[in-house]
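Reading the structure
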Amino acid sequence: MIMASISDSETTNRGSMWELDQNLDQPMDEEASQLKNMYREKKFSSILLLRLAFQSLGVVFGDLGTSPLYVFYNIFPHGVDDDEDVIGALSLIIYTLTLIPLMKYVFVVLRANDNGQGGTFALYSLLCRHAKVSTIPNQHKTDEELTTYSRQTYEENSLAAKVKRWLEGHAYKKNCLLILVLIGTCTAIGDGILTPAISVLSASGGIRVQNQNMSTDVVVIVAVVILIGLFCMQHYGTDKVGWLFAPLVLLWFILIGSIGLVNIHKYNSSVLKAYNPVYIFRYFRRGKSEIWTSLGGVMLSITGTEALYADLCHFPVLAIQIAFTLVVFPCLLLAYTGQAAYIIDHKDHVADAFYRSIPGAIYWPAFIIATLAAVVASQATISATYSIIKQALSLGCFPRVNVVHTSKKFLGQIYIPDINWVLMILCIAVTAGFKNQSQIGNAYGTAVVIVMLVTTFLMVPVMLLVWKSHWILVVIFLVLSLTVELPYFTACINKVDQGGWVPLVIAITFFIIMYVWHFCTVKRYEFEMHSKVSMAWILGLGPSLGLVRVPGIGFVYTELASGVPHIFSHFITNLPAIHSVVVFVCVKYLPVYTVPVEERFIMKRIGPKNYHMFRCVARYGYKDIHKKDEDFEKMLLDRLLIFVRLESMMDGYSDSEDFTMMEQKAERSTRALLTEKAGSNTMSSIGDMSYSSQDSIMPAKSPLTGNSLTRYSSQTFGDEQEFLNRCKDAGVVHILGNTVVQARRDSGIVKKVAVNYVYAFLRKLCRENSVIFNVPHESLLNVGQIYYI
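Residues numbered from 1 in each chain as written. Predicted model: local features only at pLDDT ≥ 70, side-chain atom pairs only at ≥ 80, totals over all residues. Heavy atoms only, no water.

1. Points about the overall build of the protein
Looking only at helices and strands, the protein features 31 helices and 9 strands. Looking at the protein as a whole, 58% of its 789 residues qualify as buried. Long-range contacts, defined as pairs at least 24 residues apart, comprise 84% of the intrachain contacts of the protein with a sequence gap of at least 6. About 32100 Å² of surface is accessible on the protein, with carbon and sulfur atoms providing 60% of the total. (Helix = DSSP H or I, 4+ residues; strand = E, 2+ residues; numbered from the N terminus. Buried < 20%, exposed > 50% of the residue type's maximum accessible area, 1.4 Å probe, protein only. Contact = heavy atoms within 4.5 Å. Areas by Shrake-Rupley, 256 points an atom, 1.4 Å probe, with all protein chains shown as cover.)

Laid out in structure tokens, this is it:
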């Protein structure tokens, strides 16, 4: 490994060559195909919509549907004294379900999706596309031409334009937005730990109802065994058993709705007066000290609402709206109303109200269905956690971990081994540590309400920038949401010492990991930007780059989409030779959910043909996955050969004309694209050696305008293809930069710990780029640098 030590203060001392490069080295002026019609919202038939609504039950609503297992016990952990308390709590549940899941999420927030992708990072990606708020400025205007890169235009004096300028005004606003997103993300990861714990533990508690002498430890052991089995099965994916989820969850909703209806008729129909919101006011007016703290239990009735948004992936919004309004919402109302009716007549059974209210004839079938429904709900939350980690990883906010694609049919089904075992250990620790639903419920409520508040605050700029909503509508949405969520937040915070500290500790831990990783990632990118090599210096070296050009192809990996990385100059300064063909490879992630394969790779030539230098930019979205069976090296070589072939079609024009290549679905569209580009450019003569490419600009009076270059310019495509194939046969080497980031000696203690220890530890644990892209070890060369920040 070749090592160099560079300080950030040294990168500012560039001299005249650096100043010249400001005019020479600009980002590539890429072309992108316009295939917008491919990604227009599809129209679904009524029958297909109903089928999708049915399928969404098993993926989206499992967590929300299992809440009746533990809600009333967490509202009244010390029992019930008065019927009016039950009526008031039920009224709170009814209108909380109406205002938050139904009105806020199903009919408003679900519309704020990124081409079908939901969750905190989906909102952030929308904002990054509509305003320059990304903290890693590696995007180019041509990225906006992607078919999946949709954005709005604004009138200069409009409210949206003013909000956009305000967000872009200072770096601290971008950092505050990122911190808000990370808080929501880290808390959502906590949901992935708490949901399986409380759902499975609550379902397993049904064993003890029929045998009161059974120890609580037995219930905990059963829950732990189920959890271990659940996490150990994750690597198989849910493709083979996923078809069971929807019928199972539908059966669960029918079961709880029917039991609720029977209990209303059998025990106390007067409970229906809870549908009058006046009883909420009367509930608070009673002034008991337990009333306010009971809100944390009521909050559990809407757990899974954020997962409903995060698991949006494979279903249209209308299908989820149909499923919720026709099945989920009425069945949940019946279930809670029936439980309240049973509790009024059996005040001493509040701890096991759900299982005790089940008719004896169907008790054990109901227990089995409840356990399976809890497993399905846990599976949905675990899968959502994987997706959240994958999004954070793609946007530079999480260490590179192994992401396994588990389904041949569905791209969204992934498995992350490292995260899976961390979740399992923490989930078992929570279950075995607390042993009861009450403390886990306190923790769960805290996590849920924080995520909801983050979504509320992120929706404000989305409504202004993306939807261009009137400010009055934005204020109404914000006021109504905070009116409901802030009281729940204060109630949950008051229970921090009773279990609410768990999600806070989990969130803080993941937040430190994410923020430190992102901070050092940004610093590494800034280092690459400031220390990149002048294109004028490269061109001044001549076709041989001042070295011996040995047979072979060298892929130089860099963070930069334009310019020559510092590792290249460091490499050729220390070694006397470089490969005959050099390709600078930049892999970057964009704030879009996916980049279509035909638009993923952009290839262009750097300098004259006899330099044999190219640049390739590989673009990915936050849902795109590097599969094991993908040969990244072969993909790069194929793109290089296709580019040379397409460039030869422009024979007769300037050797270094600015051409880009994207693999197209049809050859006709490719030819049309190139023809249009050729007709729009102003051509220059070979002898003049003026280049339209900013990466390849060179003074008109160049010492390289001799006969050797002219002879080479007449080379046919077959000759260059043969040359590239010979270089390919000679060997391919992947040159990766290994930038080690360390804090300067005069840095504060916090910065030293974060950079020198936390980030260094994470770097050792995370996967290298060579592993992600399946680069063979025998063709890998690391070029090391130390950068002090």
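The structure having been displayed, the exposition proceeds.
2. Focus: the environment of L541
With respect to the helices, strands and loops of the structure, L541 is situated in the loop between α23 (535-540) and β4 (548-558). Considering only alpha carbons, one finds L541 and Y611, 70 residues apart in sequence, at a separation of 10.0 Å. For L541, the residues in contact, after removing those within four places along its chain, are G546 and I572.

3. Comments concerning the nonpolar core
Among the nonpolar cores identified, the biggest contains 170 residues, and F61, I75, W252, F253, F324, Y355 and F398 are the most heavily contacted of them. Among residues more than four places away in sequence, those in contact with I75 are A89, I93, Y283, S294, G297 and V298. Core analysis: the second largest hydrophobic core is formed by 27 residues, A618, F643, F723 and L736 among them. (Core = buried A, V, L, I, M, F, W, Y, C linked by side-chain atoms within 4.5 Å.)

4. Considering a nonpolar patch on the surface
Taken together, the side chains of L159, W471, I472, L473, V475, I476, V479 and L480 make up a nonpolar region of the molecular surface, amounting to roughly 750 Å² of accessible area. Sorting elements by how many residues they give to the nonpolar patch places helix α21 (residues 471-493) first, with 7 residues. By the secondary structure assignment, W471 is in helix α21. (Patch = residues over 30% accessible without salt bridge, like charges linked within 9 Å, V, L, I, M, F, W, Y side chains within 5 Å. Salt bridge = Lys/Arg side-chain N within 4 Å of Asp/Glu carboxyl O.)

5. With respect to the pattern of salt bridges
Scanning all chains against the criterion turns up 15 salt bridges. Residue E84 is joined to K273 by a salt bridge in which the shortest nitrogen-to-oxygen separation is 4.0 Å. Here E84, found in helix α5 (residues 83-106), pairs with K273, found in the loop between α11 (245-266) and α12 (278-285); they are 189 residues apart in sequence, far enough to count as distant. Classification of E84 as partly exposed rests on a relative accessible area of 23%. Where R605 meets E647, a salt bridge forms, and the shortest distance between an N and an O atom there is 2.5 Å.

6. Quick notes on the packing of helix α8 (residues 171-204) against helix α10 (residues 216-232)
Remark: α8 packs on α10, axes separated minimally by 9 Å, with the N-to-C direction vectors making an angle of 130°. Looking at the two axes, α8 sits oblique to α10. In this structure, the crossing between α8 and α10 has a hand that is right-handed. Residue-level contacts link P196, V200, L201 and S204 of α8 to V219, V220, V222, A223, I226 and L227 of α10. (Axes fitted to C-alpha atoms, helices over the stretch in contact; angles between N-to-C directions. Parallel < 35°, antiparallel > 145°, perpendicular 65-115°, else oblique. Left-handed = near helix turned anticlockwise from the far one by under 90°.)

7. A word on the packing of α8 against helix α19 (residues 417-434)
Direction vectors running N to C along α8 and α19 enclose 50°, while the axes themselves pass 9 Å from each other. As summarised for this structure, α8 and α19 are arranged oblique, according to the angle between their axes. In the packing of α8 onto α19, the handedness of the crossing is right-handed. Here α8 contributes I189, I193, L194, P196, A197 and L201 to the contact with α19, which in turn contributes L423, L426, C427, V430 and T431. A class-by-class count of the residues in the contact of α8 with α19 yields 10 nonpolar, 1 polar and no charged. (Nonpolar A, V, L, I, M, F, W, Y, C, P; charged D, E, K, R; others polar.)

8. A word on empty space enclosed by the protein
Summed over all chains, the structure comprises 9 cavities of 30 Å³ or more. Taken as a whole, the second largest cavity holds about 250 Å³ of empty space. In this structure, the second largest cavity is lined by 27 residues; those nearest its centre are A188, E306, A307, A310 and I388. Counting only elements with at least two residues in the lining of the second largest cavity, the list comes to α6 (120-130), α8, α15 (305-310), α18 (363-394) and α20 (437-465). If one sorts the elements of the lining of the second largest cavity by residue count, α18 sits on top with 6 residues. Taken together, the residues that form the lining of the second largest cavity break down as 11 nonpolar, 13 polar and 3 charged. (1 Å grid on protein atoms, 1.4 Å probe; cavity = no way out; pocket = protein on both sides within 12 Å on 5 of 7 lines; lining within 4 Å. Points joined across faces, edges and corners; volume = space filled by probe spheres on them.)

9. A short note on unusual backbone geometry
With a phi angle near 55°, K468 is a residue other than glycine that sits in the positive phi range. One can find K468 in the loop between α20 and α21. Of note in this structure, H612 is not a glycine but carries a positive phi near 55°. With respect to the helices, strands and loops of the structure, H612 is situated in the loop between β6 (601-606) and β7 (613-620). According to the relative accessible area criterion, H612 is buried, its value standing at 10%.

10. Digging into the pairing of strand β5 (residues 577-589)
With 11 of 13 residues buried, β5 lies mostly within the body of the structure. Across 9 bridges, β4 lies against β5 in parallel orientation. Across the sheet, residue F555 finds its bridge partner in β5, namely V583. Bridge analysis of β5 against β7 gives 8 bridges, and the strand direction is parallel. Paired with V587 across the strands is A618, a residue of β7. (Pairing = 2+ DSSP bridges.)

11. Points about α8
A turn of α-helix holds 3.6 residues, and therefore any two residues three or four places apart point the same way. Its 34 residues place the ends of α8 50 Å apart at the C-alpha level, agreeing with the 50 Å of an ideal helix rising 1.5 Å per residue. Largest kink in α8: about 30°, centred on L194, with the proline P196 one to four residues after it. Judged by how many residues are buried, α8 sits mostly within the fold: 26 of 34 residues are covered. (Expected span 1.5 Å × (residues − 1). Bend = angle between axes of the 7 residues up to and from the residue.)

12. So, the pairing of β7
By the criterion of burial, β7 is predominantly enclosed, with 8 of the 8 residues buried. In this structure, the hairpin formed by β6 and β7 is closed by a connection of 6 residues, where G607 is found at a positive phi of approximately 75°.

13. Some points on α20
Its 29 residues give α20 an end-to-end C-alpha distance of 42 Å, which sits within 8% of 42 Å, the value for a rise of 1.5 Å per residue. With 27 of 29 residues buried, α20 lies mostly within the body of the structure.

14. A closer look at the packing of aromatic side chains
Enumeration according to the criterion identifies 21 aromatic pairs in this entry. Judged by centre distance (6.3 Å) and plane angle (75°), the rings of F121 and Y124 are edge-to-face. Separated by 3 residues within a single helix, F121 and Y124 lie in helix α6, roughly one turn from each other. Taken as a pair, F121 and Y124 share a single burial class, namely buried. (Phe/Tyr/Trp six-rings, centres within 6.5 Å; stacked < 30°, edge-to-face > 60°.)

15. Quick look at the state of the cysteines
Under the counting rule described, the total for this entry stands at 0 disulfides. Between C586, a cysteine without a disulfide, and C616, which holds the nearest cysteine sulfur, the sulfur-to-sulfur distance is 9.0 Å. Taking the relative accessible area as the measure of exposure, C586 reaches 0% and is therefore buried. (Disulfide = S-S within 2.5 Å.)

16. Examining the environment of Y415
Inspection of the secondary structure assignment puts Y415 in strand β3 (residues 414-415). With relative accessibility at 6%, the residue Y415 sits in the buried group. The contacts of Y415, once residues within four sequence positions are left out, are Q234, H235, Y386, N402, V403, V404, T406, N420 and W421.

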